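Results of the structural survey
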Amino acid sequence: MKQANEPIETLKEIRSLMERSSRFLSLSGLSGVIAGMAALAGIAAIYSFLGLSFDEAGYHRFLNVESNPNAYYFIGIILLTVLLVSIAAATWLTIRKANQDGQSIWDPTAKRLLLNLCIPLIVGGVYCIILLYHQQIKFIMPLTLIFYGLALINASKYTMAHIRYLGFVQICIGLLASLFLEYGLLFWALGFGLVHITYGIISYYKYEA
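Below: a short report on this structure. Just so it is clear, the structure is predicted and the values come from calculations on it, not from any experiment.

1. Some remarks on the overall build of the protein chain
Regarding its fold elements, the protein chain presents eight helices and zero strands. Seen in sequence order, the protein chain has helices and strands lined up from the N terminus as α-α-α-α-α-α-α-α. Pairs at least 24 apart in sequence give 77% of the contacts found in the protein chain among residues at least 6 apart. Carbon and sulfur atoms make up 68% of the accessible area of the protein chain, which totals about 11900 Å².

Here it is, written out as structure tokens:
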């Protein structure tokens, strides 16, 4: 019976080796949870600083935030802080998981993953900076979701396949946010916050726990 199972086990090992050589599998689900929590904390800070409410008046006040220079800079700082916290958490947790898995953190696959992830992110980031320069903050929320989703889809072929579905979800949320600009902060909290946390928890218990 053992000999009969040996070819199957051998094929599984070969498949695992091939997958490791073509895909970077050391992404940690916990990084998604931390990124989601950072996003929710950032949104809470923006709501508190601007004194926004969840009624129509509060949303219209957000749409006219460009007229308030202090709010303009505060939102930019919050978005940058959330981004840096998310990148730092993802980097640290990925390095830790790669060490646990015995996988190189900077092999050709990881480089291809980073390149394909960064191209849409850099383009989207530059475009959002241009919008920030023109004080069009309300358009930044949906565009960050859309470009982030595109980056995930673009990079998914070099890592776990389910990253692609996360990308599609982010794009859909971003498109909805583009239709309802007055709800931009809530869509941002949904995409970068709740969706990230949900994805991170599922990914962690499926692949790491």
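Let us keep going from here.
2. Focus: the side chain of Ser 203
Summarising the element assignment, Ser 203 is placed in helix H8 (residues 184–207). Apart from residues no more than four positions distant in its own chain, Ser 203 is found in contact with Gly 29, His 162 and Glu 208.

3. Quick word on the packing of aromatic side chains
Per the counting criterion, the structure on display carries three aromatic pairs. Each residue in the set Tyr 148, Trp 188 and Phe 192 is aromatic and connected to the rest through ring pairs, giving one cluster. For Arg 96, the ring lying beneath its charged end belongs to Trp 92, and the centroid distance is 5.2 Å.

4. Details of the nonpolar core
Ile 75, Leu 185 and Trp 188 are the most contacted members of the largest nonpolar core, which totals 34 residues. At the level of secondary structure, the elements contributing two or more residues to this core comprise helix H2 (29–50), helix H4 (69–101), helix H5 (108–133), helix H6 (140–155), helix H7 (163–179) and H8. Beyond its immediate stretch of four places on either side in the chain, Trp 188 contacts Ala 39, Ile 43, Leu 79, Val 82, Met 141, Thr 144, Leu 145 and Gly 193.

5. Focus: the packing of H2 against H8
Taken N-terminus to C-terminus, the directions of H2 and H8 make an angle of 155°; their axes are 7 Å apart at the nearest point. By the criterion of interaxial angle, the relationship of H2 to H8 is roughly antiparallel. Where H2 crosses over H8, the two elements pack in a sense that is left-handed. Split by residue class, the contact of H2 with H8 holds 18 nonpolar, seven polar and no charged.

6. Comments concerning H2
The first and last C-alpha atoms of H2 sit 32 Å apart over 22 residues, in line with the 32 Å expected at 1.5 Å per residue. Of the residues trailing H2, Gly 51 is marked for its positive phi of about 65°.

7. Concerning the packing of H6 against H8
At a minimum axis distance of 8 Å, the contact between H6 and H8 shows a crossing angle of 30°. Compared by their axis directions, H6 and H8 come out roughly parallel. Each of Met 141, Thr 144, Leu 145 and Tyr 148 in H6 lies in contact with H8, whose residues at this interface are Gly 184, Leu 185, Phe 187, Trp 188, Gly 191, Phe 192 and His 196. In terms of residue class, the contact of H6 with H8 is built from seven nonpolar, four polar and no charged.

8. Some points on the environment of Phe 187
Here Phe 187 shows up in helix H8. In this structure the C-alpha to C-alpha distance between Phe 187 and Ile 173, which are 14 residues apart in sequence, comes to 6.5 Å.

9. Examining the environment of Glu 208
Mapped onto the elements of the fold, Glu 208 is located in the segment after H8. When the C-alpha atoms of Glu 208 and Lys 97 are compared, they prove to be 9.1 Å apart, with 111 residues separating the residues in sequence. Ignoring any residue separated from it by four or fewer positions in sequence, one finds Glu 208 in contact with Leu 27, Ser 28, Gly 29, Leu 30, Lys 97 and Ser 203.

Parameters and conventions
Residues numbered from 1 in each chain as written. Predicted model: local features only at pLDDT ≥ 70, side-chain atom pairs only at ≥ 80, totals over all residues. Heavy atoms only, no water. Helix = DSSP H or I, 4+ residues; strand = E, 2+ residues; numbered from the N terminus. Contact = heavy atoms within 4.5 Å. Areas by Shrake-Rupley, 256 points an atom, 1.4 Å probe, with all protein chains shown as cover. Phe/Tyr/Trp six-rings, centres within 6.5 Å; stacked < 30°, edge-to-face > 60°. Lys NZ or Arg CZ within 6 Å of the ring centre and 35° of its normal. Core = buried A, V, L, I, M, F, W, Y, C linked by side-chain atoms within 4.5 Å. Buried < 20%, exposed > 50% of the residue type's maximum accessible area, 1.4 Å probe, protein only. Axes fitted to C-alpha atoms, helices over the stretch in contact; angles between N-to-C directions. Parallel < 35°, antiparallel > 145°, perpendicular 65-115°, else oblique. Left-handed = near helix turned anticlockwise from the far one by under 90°. Nonpolar A, V, L, I, M, F, W, Y, C, P; charged D, E, K, R; others polar. Expected span 1.5 Å × (residues − 1).

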